[in-house]
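Results of the structural survey
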Amino acid sequence: MTLRARLLLAQAPLALALLLVGVVAVVTLSQLGRSGPRVLQDNYRSVLAAQEMMAQLERMDSGALFIIAGERQRGLTQQAAQRARLESQLRVQEGNVTEPAEDAATLRLRTSWRRYQEAYDGFLAQSSPEGAREAYFGVLEPAFQEVTGAARAILDLNQDAMVRKSEALQRQSARVNTVMVAAVMVAFVVGLFASQSLTHRALRPVSVLSQAVRRLGEGDYAARAVVEGQDEIAQVGRDFNAMAEALQQYRRSSLGELLQAQAASQAAIDSLPDPVVVFGADGGLLNVNRAAEDVLRLSLEAGGDMLGQVVPEARAVLERVREHVLTGRGAYQPRGYEEAVRAPLPDGDRWLLARGSPVHGESGEVVGATVILQDVTRLRRFDELKNDLVATVAHEFRTPLTSLRMALHLVTEGVVGPVTEKQADLLFAAREDSERLQGIVDDLLDLSRIQAGQLQLEIRRVPAEELVDAALDAQRMAAEERGVQVSKQVGLDVEPVDVDPERLGLVLGNLVGNAVKHTPPGGEVEVHVWQESHGVRFEVRDTGEGIALEQQARIFEKFYRAPGAPAGGAGLGLSIAKDIVQAHGGDIGVVSTPGQGSTFWFTLPRREESGPASV
Ligand code: ADP
């Protein structure tokens, strides 16, 4: 059955009740309506006939009196006219016997009427006035009383009946009222109840369906609507179930894939030996790997300020890198091992070097930051080992080298006896090498002092140009030998710098020396100096061979020498320069395009802003 049919059916009881009340009303009203005419028909005609007959009897009687009074002719006409009329009225009455006792009364009237006529005929047959009078008072008058009484009886009978019927009608109408009110009420209650229950039954599937929809909305993907039948709601129910089934399957599969993907990515970052921390766009912790949990004691479950449990140094670095990446400044790369922070662990300290990279959203905006804390403990140990080695070697070399140089000097000068020309050549070469060795040992000593934190800067205020001139003068000979042109360009507004002139001379000398060394004949080396808002910037530009990108990051390391670099150096110059510049609170770096030359730069901040005076 369709929903429309069911709803129509639900209306049926009310309609039926209405119909019933209507039928009852029509029947009762028509019954009532019919009672009025019937009274008219039943009794009113009899009343009229009786009255009529009584009047005619009166006339007949007065006709007789006329005759007695000597007006015979007039009396005769009068009584003759009335007889026929009375007869016809009597017939009417005889044809309208309706009341129970009326039959007998009518019969009585008929009989007494016949007698009255006979008496009247007898009266008329009297020829003498005395006879007539006698007949009148003796026979006619009693017959008259009798017939009039009979007619009156019929009149009373019918009048009584009318009064009775009118009262009965009133009672009936009051009863009809009550019945109607009762019928309306019963029909209304029964109809309403039946309609309500039918509507409820018709709409029950809708509530089943709506419950299922609600459960599905709340995430219960197993929710189904059990709606039987063939109507529209059952069809919607079947469609809903199909949809829920598809959703459930989709969710099962997508959830499975998601979980798998999530497990795979978690496993991937867990397998990394270095701590990995993932931050959301709001800076909150999104994910950490196992190493981060172990080394940093970070845990996602901890809640609250989760970075609070991390050791302060590591926490500061994490916050700095997070800030760098989330404010859209791109990936964060550390500048060197010296940025590594210590994380104390039961089995010894760990040194961690932070690197950060942004996580991009669909439209390219930064939605998070991944920070990897590379474990550089071994590298740092290795570095310390290098430092120890440098210090020991430099220290141990110094004394024997001094006596070696002294001995070579004395022998070359012929102090201890004459030397042949051939011997002198060899001795010169040996002396030159020992001088170079001395240079290397000096470098090493400088380095070991710097590394050991013993480098004491003797700060003085000097014009930048003075430093440049000194460096260029020292290298001019070598440059001329190589056929390289050296020049300088110092801005007029450059302020004097507060530096240790000897150390900084070493830096500039090193940079200019390297530039000359790596520039082919005919090339140029320029030193530029200009004022910047935070301090002074120095640049040493050459037109030499340049440095490959992968080597640029490494040339500032200790003992690093580019493959194919000319013999002589120990790979320490740039490392020392870096330490000295950093000790002045500045920065150093290189920009180079292989084949087109290199630009080494360093900055010196204004003294009041600079960092520590020693390392
Ligand atoms: P070294 O004393 O051995 O030159 P440095 O620390 O001064 O050591 O330099 C390290 C390496 O950097 C060198 O081996 C060289 O290859 C490279 N280098 C330094 N300066 C320049 C330059 N101006 N042009 C090309 N390469 C350079």
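Not measured: the values here are computed from a predicted model.

Helix and strand counts for the chain stand at 13 helices and 12 strands. Computed over its C-alpha atoms, the radius of gyration of the chain comes to 70 Å, more than 25% above the 25 Å expected for a compact globule of 615 residues. For the chain, the spread of C-alpha atoms along the principal axes amounts to about 230 × 55 × 40 Å. Relative to its 615 residues, the chain shows a buried fraction of 38%. Long-range pairs, those at least 24 residues apart, make up 64% of the contacts in the chain between residues at least 6 apart in sequence. Total accessible area on the chain is roughly 35,000 Å²; 56% of this is exposed by carbon and sulfur atoms. Measuring between centres, the 64 positive side-chain charges of the chain sit 12 Å from its 81 negative side-chain charges.

A few words on the sheet that holds strand β2 (residues 285-288). Read from one edge of the open sheet, five strands run β2-β1-β5-β4-β3, paired in antiparallel fashion. A single partner strand is all that each edge strand has here, and the edge strands are β2 and β3 (341-345). Mean inter-strand twist for the sheet, computed between neighbouring axes without regard to direction, equals 30°. Two strands pair when backbone bridges link them, and strand β1 (residues 276-280) and strand β5 (residues 366-375) are joined in this way by five bridges, in the antiparallel orientation. Bridge pairing links glycine 280 to glycine 368 in β5. Across the sheet, helix α7 (residues 312-326) lies against β1, β3, β4 (348-360) and β5, angled at about 140° from β5, the strand it touches most.

Per the stated rule, a full pass over the model turns up 26 salt bridges. Its salt-bridge partner being aspartate 349, residue arginine 342 comes within 2.7 Å of it at the nearest N-O pair. By relative accessible area, which is 33% here, arginine 342 ends up partly exposed. Among the ionic pairs, arginine 537 bridges to glutamate 539, the shortest N-O distance being 3.2 Å. Each member of the pair, arginine 537 together with glutamate 539, is buried.

Now for the packing of aromatic side chains. Within this structure, the stated rule accounts for eight aromatic pairs. Judged by centre distance (6.5 Å) and plane angle (35°), the ring pair of tryptophan 113 and tyrosine 116 falls under tilted. Of this pair, tryptophan 113 and tyrosine 116 are both found in helix α3 (residues 102-125), three residues apart, which corresponds to roughly one turn of the helix. Residue tryptophan 113 is classed as buried on the basis of its relative accessible area of 0%. Each member of the aromatic cluster is reached from another via a ring pair, and the members are Trp113, Tyr116, Tyr120, Phe123, Tyr136, Phe137 and Phe144. One residue, arginine 380, lies across the ring of tryptophan 351, its end atom 3.8 Å from the ring centre.

So, about a nonpolar patch on the surface. A surface patch of nonpolar side chains, amounting to about 360 Å² of accessible area, comprises Leu14, Phe188, Val189 and Leu192. Examining the composition of the nonpolar patch, we find that three residues originate from one element, helix α4 (residues 129-217), more than from any other. Topologically, phenylalanine 188 is positioned in helix α4.

On to the packing of α4 against helix α5 (residues 232-270), then. Contact geometry for α4 and α5: axes closest at 10 Å, N-to-C directions at 15°. Taken together, α4 and α5 sit at an angle that is classed as roughly parallel. When the axes of α4 and α5 are compared, the crossing they make is left-handed. Of α5, the residues touching α4 (which contributes Ala202, Pro205, Val206, Leu209, Ala212, Val213 and Leu216) are Ile233, Val236, Gly237, Phe240, Met243, Ala244 and Leu247. Classifying every residue of the contact of α4 with α5 gives 13 nonpolar, one polar and no charged.

Attention now moves to the pairing of strand β12 (residues 597-605). The element β12 is extensively covered by neighbouring structure, given that eight of its nine residues are classed as buried. Both strand β10 (residues 535-542) and β12 contribute to a ladder of seven bridges, which runs antiparallel. Pairing of glycine 535 across the sheet is with proline 605, part of β12. Direction of pairing for strand β11 (residues 587-593) relative to β12: antiparallel, over a ladder of seven bridges. The residue bridging valine 590 from the neighbouring strand is phenylalanine 600, located in β12. In sequence, β11 turns back onto β12 through a hairpin of three residues, with glycine 595 there showing a positive phi of about 90°.

Time to look at the site of the ligand. Not every one of the 21 residues close to the ligand is listed here, only the nearest: Asn514, Asp542, Arg561, Ala562 and Leu574. Take glycine 573: an N or O atom from its main chain is 3.4 Å from an oxygen atom of the ligand. Notes on the ligand: free accessible area 540 Å², of which the protein chains cover 95%. Among the detected pockets, the ligand sits in the second largest pocket. Counting residues per element, the ones that place at least two in the shell around the ligand are α11 (501-517), α13 (573-583) and β12. Sort the elements by how many residues they give to the shell around the ligand and α11 lands first, with four residues.

The next point concerns the packing of helix α9 (residues 421-451) against α13. Packing of α9 against α13 leaves a shortest axis separation of 10 Å and a crossing angle of 35°. Regarding α9 and α13, the two cross each other, and that crossing is left-handed. Counting all contacts with α9, which are made through Asp443, Asp446, Leu447, Ile450 and Gln451, the residues of α13 involved are Ser575, Ile576, Asp579 and Ile580. For the contact of α9 with α13, the residue count by class is four nonpolar, two polar and three charged.

Turning to the domain arrangement of the chain, a few remarks are in order. One can read the domain layout of the chain as domain 1 (34-176), domain 2 (267-375) and domain 3 (459-605). Each of domain 1 and domain 3 has a C-alpha centre, and the two are 163 Å apart.

The rules behind these values
- Residues numbered from 1 in each chain as written.
- Predicted model: local features only at pLDDT ≥ 70, side-chain atom pairs only at ≥ 80, totals over all residues.
- Heavy atoms only, no water.
- Helix = DSSP H or I, 4+ residues; strand = E, 2+ residues; numbered from the N terminus.
- Rg over C-alpha atoms; globule rule 2.2 N^0.38 Å.
- Buried < 20%, exposed > 50% of the residue type's maximum accessible area, 1.4 Å probe, protein only.
- Contact = heavy atoms within 4.5 Å.
- Areas by Shrake-Rupley, 256 points an atom, 1.4 Å probe, with all protein chains shown as cover.
- Lys, Arg positive; Asp, Glu negative; His and termini not counted.
- Charge placed at Lys NZ, Arg CZ, Asp CG, Glu CD.
- Pairing = 2+ DSSP bridges.
- Axes fitted to C-alpha atoms, helices over the stretch in contact; angles between N-to-C directions.
- Salt bridge = Lys/Arg side-chain N within 4 Å of Asp/Glu carboxyl O.
- Phe/Tyr/Trp six-rings, centres within 6.5 Å; stacked < 30°, edge-to-face > 60°.
- Lys NZ or Arg CZ within 6 Å of the ring centre and 35° of its normal.
- Patch = residues over 30% accessible without salt bridge, like charges linked within 9 Å, V, L, I, M, F, W, Y side chains within 5 Å.
- Parallel < 35°, antiparallel > 145°, perpendicular 65-115°, else oblique.
- Left-handed = near helix turned anticlockwise from the far one by under 90°.
- Nonpolar A, V, L, I, M, F, W, Y, C, P; charged D, E, K, R; others polar.
- Near = heavy atom within 4 Å.
- Polar contact = N/O pair within 3.5 Å; in protein donor to acceptor, adjacent residues only side chain to side chain.
- 1 Å grid on protein atoms, 1.4 Å probe; cavity = no way out; pocket = protein on both sides within 12 Å on 5 of 7 lines; lining within 4 Å.
- Sits in = over half its atoms within 2 Å of the grid points.
- Domains from an automatic or database assignment.

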